[in-house]
Amino acid sequence: MTVITRFAPSPTGHLHVGNIRTALHNWMWARKNGGRFLLRLDDTDTERSKEEYVDAIRADLAWLGLSADGEERQSARFALYEEKFEALREIGRVYPCYETAQELDLKRKILLGRGLPPVYDRAALSLSDVERRALEAEGRRPHWRFRLDHEAPIGWIDLIRGEQHFDPKLISDPVIRREDGSWLYMLPSAIDDVDMGVTHVVRGEDHVSNTATQIQMFTAMGASPPAFAHEALLVGTEGKLSKRLGSLGVSTFREEGMEAVAVVGLLARIGTSDPVEPVVDVAPLLNTFDFSRFGRAPARFDEAELAALNQRIVHMLDYAAIRDRLPEGMGEVGWNAIRPNLETVAQASDWWRVVTGPVESPGLEGDDRVFVALAADLLAELPWSQDVWKSLTAALKEKTGRKGKPLFLPLRLALTGRDHGPEMAALLPLIGRDAAIARLAPATS
Ligand code: GLU
């Protein structure tokens, strides 16, 4: 059996971190099993679906490295939905209803008032042809419900949640189609899962009750349901579904200098029993990926944890992997010198400007000015080599008796304009002889 998964966003907005996590897990499961990962655009809502979001979803997945093996759009599949709908209608599994939203609301309130579950009473099922025609003559158009089989208990073994049971009598027959003929999410999704041969439906636990009804849709269409994995939702550091998470997506991650592999590495592991680990490639994470490792408690997404992971990953990146993203002139030696000081790859430019100059003169006082002037003179005499920092500081130590911070800090300040940064031993050769002398010399004036 070839594993087929699908990520099914509605292109009515940008992907947020929760969607990305779902996409990732679908992709990982397909890749781990040598299967196929499909992007299915749930764009039946033609008003709210926008082409710009379709493009953004594709671009986000590409940036994350989640390549799809196929793309489908629900808006191109209405003929199939119509056909399946007709077949279900013929066998009495979908039926027309005429209640208005207000009428339904009233029914619900009455049931709740009596302490009963607000399940649709199926009044429309007992309408006679005459009554139906009368309603239509009034100008009412039907919406359509899927008729659940009350005699068929619903159950499945969820790959994350374990055994699940639902009593169909306690669930309203779901509305699948609106008065204007447009589709709600439920039935087209089940039709597509059958038609595309989806073997594993991986999605958020907010879909658990949809699954209960969709299982009966699969059966009604003569298909066996796929396997299901419903993931606990993602929460922010405050422990709840925050507004921040809803607006956090690839564009923010990019602006903040996060590597795609950091985002992927974190989202692959949070909420599982496996630790978050720095990796430069997602491949090793596939080995341990399994739904049995997911817990049922909400997964906590912490932006500070992402930034820390990102930093560790940046420190592991080889020059070859990021050379295209480095400032002009910055070679492998420069990258290796500066890399330990970076939180993000983008910061390489700041440190590279420190190398290429000009740097702001630090305005040293008193003894330090004299000391740095001496350093300029000594540097002019010393043979220039990769070890020049060592020989310069050794000579200065001998001449002045300075050591530790009083020895190193004025030099760092004069040479870089900053009181911290990459190892001076690595920076000085990059700065170059003349520039270094010039930076040390004016500090004395
Ligand atoms: N379009 C649905 C959603 O975004 C898809 C759910 C599913 O995976 O079936 O919630």
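Every value quoted in this text rests on a predicted model; they were computed, and no experiment measured them.

Draft legend 1. Just the overall build of the chain, in detail. The secondary structure content of the chain amounts to 20 helices and 12 strands. Referenced to the eigenvectors of the C-alpha coordinate spread, the extents of the chain come out at roughly 110 × 45 × 40 Å. Within the span of the chain, comprising 445 residues, buried residues form 47% of the whole. Put simply, 74% of the contacts in the chain that link residues at least 6 apart link residues at least 24 apart. As displayed, the chain offers around 21,500 Å² of accessible surface, 51% of which is attributable to carbon and sulfur atoms. Positive and negative charge centroids in the chain, built from 54 and 65 side chains respectively, lie 2 Å apart.

Draft legend 2. Geometry of the site of the ligand. Inspection of the region around the ligand gives Arg6, Ala8, Ser10, Asp42, Tyr185, Ser189, Arg203 and His207 as its neighbouring residues. One of the side-chain nitrogen or oxygen atoms of Arg6 is found 2.7 Å away from an oxygen atom of the ligand. Here Asp42 contributes a side-chain N or O atom positioned 2.6 Å from a nitrogen atom of the ligand. Notes on the ligand: free accessible area 300 Å², of which the protein chains cover 77%.

Draft legend 3. How the structure looks around the sheet that holds strand S4 (residues 94-97). Pairing is antiparallel in the open sheet, where 3 strands are placed in the order S4-S5-S8. The open sheet has two edge strands with one neighbour each: S4 and strand S8 (175-177). Each strand axis lies, on average, 45 degrees off the axis of its neighbour in the sheet, ignoring direction.

Draft legend 4. Structural view of the environment of Glu138. Structurally, the position occupied by Glu138 is in the loop between helix H5 (129-137) and strand S5 (143-146). Here Glu138 falls in the exposed class, since its relative accessible area comes to 58%. Between the C-alpha atom of Glu138 and that of Val359, which follows or precedes it by 221 residues, the distance is 81 Å.

Draft legend 5. Here's a closer look at the packing of aromatic side chains. Scanning the model with the defined rule gives 14 aromatic pairs in all. Judged by centre distance (6.0 Å) and plane angle (75 degrees), the rings of Tyr81 and Trp183 are edge-to-face. One end of the pair, Tyr81, is in helix H3 (residues 78-90); the other, Trp183, is in the loop between S8 and helix H6 (186-195), with 102 residues separating them in the sequence. Taking relative accessible area as the criterion, Tyr81 reaches 0% and is therefore assigned buried. The class of Trp183 is buried, set by a relative accessible area of 4%. For the pair Phe253 and Phe301, a centre-to-centre distance of 6.3 Å together with 55 degrees between the ring planes defines the contact as tilted. Of this pair, Phe253 sits in helix H9 (residues 250-255) while Phe301 sits in the loop between strand S12 (299-300) and helix H12 (303-314), and the two are 48 residues apart along the sequence. The class for Phe301 is buried, based on a relative accessible area of 2%. An aromatic cluster is present here, built from Phe78, Tyr81, Phe85, Trp144 and Trp183 joined pairwise through their rings.

Cut-off values and rules
Residues numbered from 1 in each chain as written. Predicted model: local features only at pLDDT ≥ 70, side-chain atom pairs only at ≥ 80, totals over all residues. Heavy atoms only, no water. Helix = DSSP H or I, 4+ residues; strand = E, 2+ residues; numbered from the N terminus. Buried < 20%, exposed > 50% of the residue type's maximum accessible area, 1.4 Å probe, protein only. Contact = heavy atoms within 4.5 Å. Areas by Shrake-Rupley, 256 points an atom, 1.4 Å probe, with all protein chains shown as cover. Lys, Arg positive; Asp, Glu negative; His and termini not counted. Charge placed at Lys NZ, Arg CZ, Asp CG, Glu CD. Near = heavy atom within 4 Å. Polar contact = N/O pair within 3.5 Å; in protein donor to acceptor, adjacent residues only side chain to side chain. Pairing = 2+ DSSP bridges. Axes fitted to C-alpha atoms, helices over the stretch in contact; angles between N-to-C directions. Phe/Tyr/Trp six-rings, centres within 6.5 Å; stacked < 30°, edge-to-face > 60°.

Geometric descriptors of this kind do not, in isolation, establish any biological role.
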